[in-house]
Amino acid sequence: MADCVFCGIAEGRIPATTVRQDRDTVAFRDLNPQAPTHILVIPRRHIASVADTDRSDTGVLGAVLAVAVEVAAAEGLDQSGYRLVINHGADGGQSVGHLHVHLLGGRPMTWPPG
Ligand code: AMP
């Protein structure tokens, strides 16, 4: 989508600090990090929200999760731990309408989240 910032990153039109990319996914550092490591993993295909997926999307959903796990290990977080987050809608705190998984690590996380 032309006006989607994450589509712009996936297509190379908008700069980002990309840490990994493949045919289906792109992982890049969050512009406003909430932890020492804060990386977003997105599908290249525009999907507005996790709520817009169903069982036919298990391939892409599995891919973004698997990439998040791989990136976490590459960032040295697999022993210390990390958090994966998907926000949906206003109450979920979603601010960008392109499905993304947050990978947060490098500090202890609290629960419940704010
Ligand atoms: P959410 O609130 O779950 O929709 O998360 C959106 C995230 O995207 C926020 O953590 C923002 O800091 C991040 N973000 C927004 N624009 C950019 C950008 N151009 N490059 C990297 N991260 C971004």
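Refer to the structure above for everything that follows.
As a starting point, this report considers the structure included with it. The residue numbering used here restarts from 1 in each chain and proceeds along that chain's sequence as written. Predicted model: local features are reported for residues with pLDDT of at least 70 only, side-chain atom pairs are reported and counted for 80 or more only, and whole-chain, interface and lining totals are derived from all residues. The side-chain numbers reported here are obtained from all heavy atoms of the structure, hydrogens and water having been left aside.

## Quick look at the overall build of the protein chain
Secondary structure elements are defined from DSSP: runs of H or I of at least 4 residues count as helices, runs of E of at least 2 residues count as strands, and each element is numbered from the N terminus. On a plain count of helices and strands, the protein chain comes out with three helices and five strands. Its C-alpha atoms give the protein chain principal-axis dimensions of roughly 35 × 30 × 25 Å. Of all 114 residues assigned to the protein chain, the portion counted as buried reaches 36%. Contacts are residue-level and defined by heavy atoms, with any inter-residue pair within 4.5 Å sufficient. Put simply, 52% of the contacts in the protein chain that link residues at least 6 apart link residues at least 24 apart. Note on exposure labels: buried denotes an accessible area under 20% of the residue type's maximum, exposed denotes more than 50%, and partly exposed covers the range between, all computed with a 1.4 Å probe on protein chains only.

## Some details on the nonpolar core
Working definition of a nonpolar core: buried Ala, Val, Leu, Ile, Met, Phe, Trp, Tyr and Cys residues. They are joined through side-chain atoms within 4.5 Å. With 11 residues, the main nonpolar core is built from Ala27, Ile39, Val41, Val64, Val67, Ala68, Val71, Ala72, Leu77, Val101 and Leu103. Going through the elements one at a time, strand S3 (37-43), helix H2 (58-74) and strand S5 (101-105) are the ones with two or more residues in this core. Look past the residues within four positions of Ala72 in its chain and what remains in contact with it is Leu77, Asp78, Tyr82 and Leu103.

## Observations regarding the environment of Ile14
Relative to the helices and strands, Ile14 is located in the loop between helix H1 (5-10) and strand S1 (18-21). Given a relative accessible area of 29%, Ile14 falls into the partly exposed group. If near-sequence neighbours (up to four positions away) are discounted, Ile14 is found in contact with Val5, Gly8 and Ile9.

## Here's the deal with the layout of surface pockets
Definitions used throughout: a 1 Å grid over protein atoms alone; a cavity as a set of points that fits a 1.4 Å probe which cannot get out; a pocket as an open set with protein on both sides within 12 Å along at least five of seven lines; a lining residue as one with an atom within 4 Å of a point. Grid points are joined across faces, edges and corners, and a volume is the space filled by probe spheres set on the points. The computed volume of the largest pocket comes to approximately 730 Å³. In terms of lining residues, the largest pocket is bounded by 31 residues, among which Asp30, Asn32, Gln34, His38 and His102 are the most central. In terms of residues, the lining of the largest pocket owes the most to one element, H1, which gives three residues. Among the residues making up the lining of the largest pocket, the classes are represented as 15 nonpolar, 12 polar and four charged. Ten residues, namely Ala, Val, Leu, Ile, Met, Phe, Trp, Tyr, Cys and Pro, are considered nonpolar, four, namely Asp, Glu, Lys and Arg, are considered charged, and the remaining ones, Gly among them, are considered polar.

## What to know about the pairing of S3
In terms of burial, S3 is largely enclosed, as seven of its seven residues are buried. Both faces of S3 are covered, namely the face carrying Thr37, Ile39, Val41 and Pro43 and the face carrying His38, Leu40 and Ile42. Pairing between two strands is assigned when DSSP locates at least 2 bridges connecting them. Across five bridges, strand S2 (residues 25-29) lies against S3 in antiparallel orientation. Within the sheet, the bridge partner assigned to Val26 lies in S3 and is Ile42. Relative to S5, S3 is paired through five bridges, and the arrangement is antiparallel. Across the sheet, residue Thr37 finds its bridge partner in S5, namely Gly105.

Remember that the coordinates give geometry; whether it matters functionally is a separate question.
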